[in-house]
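Letter by letter, the chains look like this.
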Amino acid sequence: MRLSRSFIPTLRETPAEAQIASHRLMLRAGLIRQTASGIYAWLPAGLRVLRRISQIVREEQDAIGAQEVLMPTLQPAELWKRSGRYDAYGPEMLRITDRHDRDLLYGPTNEEMITDLFAGGVKSYRELPQVLYHIQWKFRDEVRPRFGVMRGREFLMKDAYSFDIDTQSAIASYRRMMLSYLRAFQRIGVKAIPMRADTGPIGGDLSHEFIILAPTGESSVFYDGRFEQQDWRAEAVELADPESLQRFFMRMTSLYAATEDKHDEAAWHDVEPALRREGRGIEVGHIFYFGTKYTQSMGVAVSGPDGAMVHPEMGSYGIGISRLAGAIIEASHDEAGIIWPMPVAPFRAGILNLKPGDAACDSVADALYEAAPDDMLLDDRADRAGVKFADADLIGHPVQLVVGPRGAASGTIEVKWRASGERTEMPLDAAVALIASLR
Ligand code: ATP
Ligand code: MG
């Protein structure tokens, strides 16, 4: 993209309404704009981030055999009356009436709808397990929307739902999902640690929140430092083998990790002191096994192996895609701006043409841009160099390719790595090779 022709409205001033760094930086870098309290428009650079996050999550969902669907944002109230949640959900639910006086709602989550869709398509235990997911906007009329997209009212969520014939198989689905989450967060480039969470009336160990570490997080967390070293992508797990899944799960849950409300001093003292880590965190995902809660209340059953009807066991699994965009920034920024992890950066590199109109600068900058025009933001504006440096740092490209008149005359480019601040000079062909290697 050429910055001179794009809609990336960066701001010099710090917006007064933004209390935390990610909110300020998302506004200043031109990623989002608020359109109503807790409701945001995603501008071109912000939308690229949302898409990159979504795509990684999608690939890791598909890798465990989950199937993508797309359910609507609007749901009939009828469905929620069947599960008994219509009245129970309270004022967070946005209720809507259509011209025929039918009650609708803007979905805060989709357990009811997916259970109903499942019932219409699956009749026998032979068709199980089924795992379905979608990436769709949700609405929750939060009392206090704040921190920008981190606690919005309309927000993008990936939500998945599993259906299994029995508890053992449902637990295997849960564990596969956990692995999928660990791998997705690792690919995105963040440390998200699974922490035991409230399970409600079902009990057991089958709810986890995934928490990203950041000083401004809403909850305090305690965890074993070895979590930071885990390579979940290299972890050999046989997805179809419950024992292999169990070994992975046991290995993972043997490392202590808990939020403040679940913190267990006795277990904490068993962790080697040198490995104990304390900090604050942001919830970016939540997975839950809840058995037959919805299949029972909504009267959904399939025929079992002996012919008797069985209520399938379910789990639901959410990732806050739009919250993640903010949480990643919260975990990775400095005074000057955002420091994107390469896999979710809106642009993998920024090309700074310091003197547009200068023949040598234009030719070098264009050659770099043509190497990967979809992944680059070429700053070809007529502005001063200082403005370009500031905007590149603010938008947070992992790599900056600086083309100045002196270097361009001899065919050299200055490369700056945003995270380390390291700078090197290289000839054009080396810079083109570098662009090709950026992943
Ligand atoms: P929280 O405790 O932060 O209010 P929750 O527990 O109500 O979240 P879940 O129902 O578990 O949220 O939703 C799954 C995921 O959706 C959360 O882990 C979070 O990442 C995201 N999410 C939930 N509420 C919001 C919101 N208001 N704005 C942005 N993302 C949200
Ligand atoms: Mg939650």
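The structure this text deals with has already been given above.
Residues numbered from 1 in each chain as written. Chains lettered and ligands numbered in written order. Predicted model: local features only at pLDDT ≥ 70, side-chain atom pairs only at ≥ 80, totals over all residues. Heavy atoms only, no water.

Trainee: Now, about helix H1 (residues 21-28): what can you tell me, with residues and values included?
Mentor: With respect to burial, H1 is a largely interior element, 7 of its 8 residues being buried. What H1 keeps buried is the set Ala21, Ser22, His23, Leu25, Met26, Leu27 and Arg28. For H1, the secondary structure elements touched by its buried residues are strand S1 (32-36), strand S2 (39-42), helix H10 (321-331), strand S17 (333-334), strand S18 (337-338) and helix H12 (385-395). Count one or two residues on from H1 and you reach Gly30, which has phi positive near 75 degrees. (Buried < 20%, exposed > 50% of the residue type's maximum accessible area, 1.4 Å probe, protein only. Helix = DSSP H or I, 4+ residues; strand = E, 2+ residues; numbered from the N terminus. Contact = heavy atoms within 4.5 Å.)

Trainee: Describe the packing of helix H11 (residues 359-371) against helix H14 (residues 428-437), with residues and values.
Mentor: Interaxial distance between H11 and H14 falls to 9 Å at its minimum, and their mutual angle equals 25 degrees. In this view, H11 runs roughly parallel relative to H14, as classed from their interaxial angle. Crossing geometry of H11 relative to H14 is assigned as right-handed. Residues Val364, Ala367, Leu368 and Ala371 of H11 form the contact with H14, whose participating residues are Leu428, Ala431, Val432 and Ile435. Its residues placed into classes, the contact of H11 with H14 shows 8 nonpolar, no polar and no charged. (Axes fitted to C-alpha atoms, helices over the stretch in contact; angles between N-to-C directions. Parallel < 35°, antiparallel > 145°, perpendicular 65-115°, else oblique. Left-handed = near helix turned anticlockwise from the far one by under 90°. Nonpolar A, V, L, I, M, F, W, Y, C, P; charged D, E, K, R; others polar.)

Trainee: Talk me through the site of ligand 1; I want residue IDs and the actual numbers.
Mentor: Of all residues adjacent to ligand 1, which total 14 residues, the nearest are Glu142, Arg151, Gly152, Glu283 and Arg323. Interatomic distance of 3.4 Å between a backbone N/O atom of Gly285 and an oxygen atom of ligand 1. Here an oxygen atom of ligand 1 sits 3.4 Å away from a polar atom, N or O, in the main chain of Gly320. Taken by itself ligand 1 offers 590 Å² of open surface, and the protein chains cover 80% of this. Where the shell around ligand 1 is concerned, the elements lending two or more residues are strand S8 (154-164) and strand S13 (276-291). Ranked by residue count, the leading element in the shell around ligand 1 is S13, at 4 residues. Residue composition of the shell around ligand 1, by class: 5 nonpolar, 4 polar and 5 charged. (Near = heavy atom within 4 Å. Polar contact = N/O pair within 3.5 Å; in protein donor to acceptor, adjacent residues only side chain to side chain. Areas by Shrake-Rupley, 256 points an atom, 1.4 Å probe, with all protein chains shown as cover.)

Trainee: Describe the side chain of Arg418, listing the residues and the values that go with them.
Mentor: Topologically, Arg418 is positioned in the loop between strand S22 (412-417) and strand S23 (423-427). Taking relative accessible area as the criterion, Arg418 reaches 4% and is therefore assigned buried. Here the side chain of Arg418 touches Asp334 through a polar contact of 2.8 Å, side chain to side chain. A distance of 3.4 Å separates the side chain of Arg418 from the backbone oxygen of Ile338, its partner in a polar contact. Apart from the residues lying within four places of it in its own chain, the contact partners of Arg418 are Asp334, Ala336, Gly337, Ile338, Ile339, Asp393, Gly396, His397, Pro398 and Gln400.

Any functional reading would require information that these geometric values do not contain.
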